[in-house]
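# Report on the structure
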Amino acid sequence: MSTADATGGLTEEEENILWERSVETWKIQKEERNKSNQELIDRGEKPIDYDNDWKDLPIFMQELPEEPSSNHYLAAFQSLSNECTPEERAETFKSLGNDYFKEGKSRYNDALYYYNKALSVKCNDMKKNSIYLSNRAAVNMELGNYGLVIKDCTISIEFNPLNMKAYNRMARAQLQLGKYQDSIKTCDNGLSNEPENKDLLTIKENANKKLQDIQRREQEKIDKENTLKQQQLQLATKLYEKNQYKLGHQIFDMSQYTYQSDRKITIDQNNEIHFPVVFLYPEFGKSDFIMDFQEDHTFGDHLQMMFPPENPEFAPWDTKKEYTMDRIEVYFETNWTKPILADIKIKEIEKKWIRVKHTTDIAKVISHPTYIIPEIPLFYIVSRGNLFYKKFLENKL
């Protein structure tokens with residue numbers, strides 16, 4: 001059965017919103033009625049009895065699970081007659097739930113059944129109802145239903161602000177869900193009643209540690225990003241000063257083409273620049289990664305080692321054997337990203353493909369007025385003459 005089916009067509013998220021709104025409305029109504037009654041008392045009039053309005057809360061209208069699989073408590077259950085008071089019936093249900101809970105995980109559903117039965121009595125002793133809710137929360141805590149734990153404990157505390165077990169279970173559930181600030185707040189609320197409560201102090205300490213770990217990791221991430229930005233800015237400045245190379249922002253994630261390498265453009269002690277370069281073969285969705293393409297290297301220097309005729313082996317994806325040195329063409333797209341250095345002025349022209357000759361060195365290409373390095377140099381390789389080639393040049397891909 002889907003979550004929506006089990007809740008009368010509502011999703012779990014919609015059910016949570018409905019629950020939260022009803023509880024909030026009840027709290028507001030309670031405050032308004034208390035204020036109204038106080039005004040009546042101040043005038044010497046009899047206050048209105050609103051003691052039973054809590055019985056309409058959705059926490060008391062949950063469907064009960066199926067009856068327990070074992071009936072060894074059946075005699076005790078049947079002994080509850082209509083002559084018993086609601087409080088007595090609810091207490092007996094609670095005791096049965098406690099007994100099942102002590103028997104372990106295999107009896108948790110039975111324990112839930114009887115805690116639900118205790119709540120369904122809707123007795124007028126709010127401290128007892130608070131206990132039934134926190135007991136049901138204990139079962140759901142063991143089952144990992146942390147959202148239900150928080151729901152039950154929220155009302156449990158409303159019914160009895162001194163129920164320390166409810167604070168404990170709610171704070172632990174919030175901790176499990178990563179709601180560390182909420183967990184700390186719950187602990188503080190409980191500690192205001194019992195400042196030396198060891199369990200709450202421990203939970204609060206753990207929540208603070210988790211929160212500090214998150215804040216530390218976030219700060220480390222910010223510091224790392226700032227360091228990388230500073231390094232990029234310094235590199236962009238050096239490249240432009242050396243040969244008007246324009247370092248730009250990344251246009252897409254290159255890690256899939258660089259085999260997860262973090263290799264960047266470097267400048268050696270002789271002031272020579274070493275470029276990692278990506279060749280893309282768009283016809284096949286393939287790529288090659290050249291780790292060190294030096295400034296005076298031509299494109300032919302690298303391509304002739306990769307393709308026939310000098311390399312006798314065709315690329316495994318080139319089943320038609322069309323990628324040979326006499327047919328291969330190299331292209332880049334003009335202005336395909338923005339320069340990192342804000343003061344660099346670029347000519348705004350319509351994007352287009354520019355062909356690179358095999359005999360051209362990379363320094364000449366990268367210093368071209370319309371070439372902006374997209375973090376690392378990127379070039380497209382196609383084979384002249386076929387249908388893909390024509391569509392590529394027409395930008396119809």
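All figures in this text were calculated on a predicted structure; none of them were measured in a lab.

How each quantity is defined
- Residues numbered from 1 in each chain as written.
- Predicted model: local features only at pLDDT ≥ 70, side-chain atom pairs only at ≥ 80, totals over all residues.
- Heavy atoms only, no water.
- Helix = DSSP H or I, 4+ residues; strand = E, 2+ residues; numbered from the N terminus.
- Buried < 20%, exposed > 50% of the residue type's maximum accessible area, 1.4 Å probe, protein only.
- Lys, Arg positive; Asp, Glu negative; His and termini not counted.
- Salt bridge = Lys/Arg side-chain N within 4 Å of Asp/Glu carboxyl O.
- Polar contact = N/O pair within 3.5 Å; in protein donor to acceptor, adjacent residues only side chain to side chain.
- Contact = heavy atoms within 4.5 Å.
- pLDDT = per-residue confidence, 0-100.
- UniProt positions renumbered as here; feature names shortened; annotations may be inferred.

## What to know about the side chain of E322
Checked against the element boundaries, E322 lands in the loop between α11 (299-303) and β5 (328-333). Among buried Asp, Glu, Lys and Arg side chains, E322 stands out as unpaired, with R327 the closest opposite charge at 4.4 Å. A distance of 3.0 Å separates the side chain of E322 from the side chain of N386, its partner in a polar contact. Sequence-distant contacts of E322, that is, excluding residues within four places in its chain, are made with E283, R327, S383 and N386.

## Remarks on the pattern of salt bridges
Under the definition given, this model contains 13 salt bridges. Taking the shortest distance from any N to any O, the salt bridge between E329 and R384 comes out at 3.5 Å. Separated by 55 residues along the polypeptide, E329 in strand β5 and R384 in the loop between β8 (378-383) and α13 (387-393) bring together distant segments of the chain. Judged by its relative accessible area of 34%, R384 falls in the partly exposed class. Here the residues in one salt-bridge network are E91, K94 and K128, joined through shared partners.

## Regarding unusual backbone geometry
A cis amide bond links P308 with the next residue in sequence, P309, at an omega value of 10°. By the secondary structure assignment, P309 is in the loop between α11 and β5. Backbone geometry places K321, a non-glycine residue, at a positive phi of 55°. Structurally, K321 can be placed in the loop between α11 and β5. Residue K321 is classed as exposed on the basis of its relative accessible area, which comes to 52%.

## Topic: the confidence of the model for the chain
Averaged over the chain, the pLDDT score is 85; the fraction of residues at 70 or greater is 82%. Low pLDDT, under 50, characterises residues 1-8; the stretch is placed with nine contacts to residues that sit more than four places away or in other chains. Counting contacts from residues 70-77, a segment whose pLDDT is below 50, to residues more than four positions away or on other chains yields 14 contacts.

## A few points about the UniProt feature "coiled-coil region" (unreviewed entry) in the chain
Following the UniProt record, one finds the feature "coiled-coil region" (unreviewed entry) at residues 197-234. Taken as a whole, residues 197-234 contains 97% helix and 0% strand, while its terminal C-alpha atoms sit 55 Å from one another.

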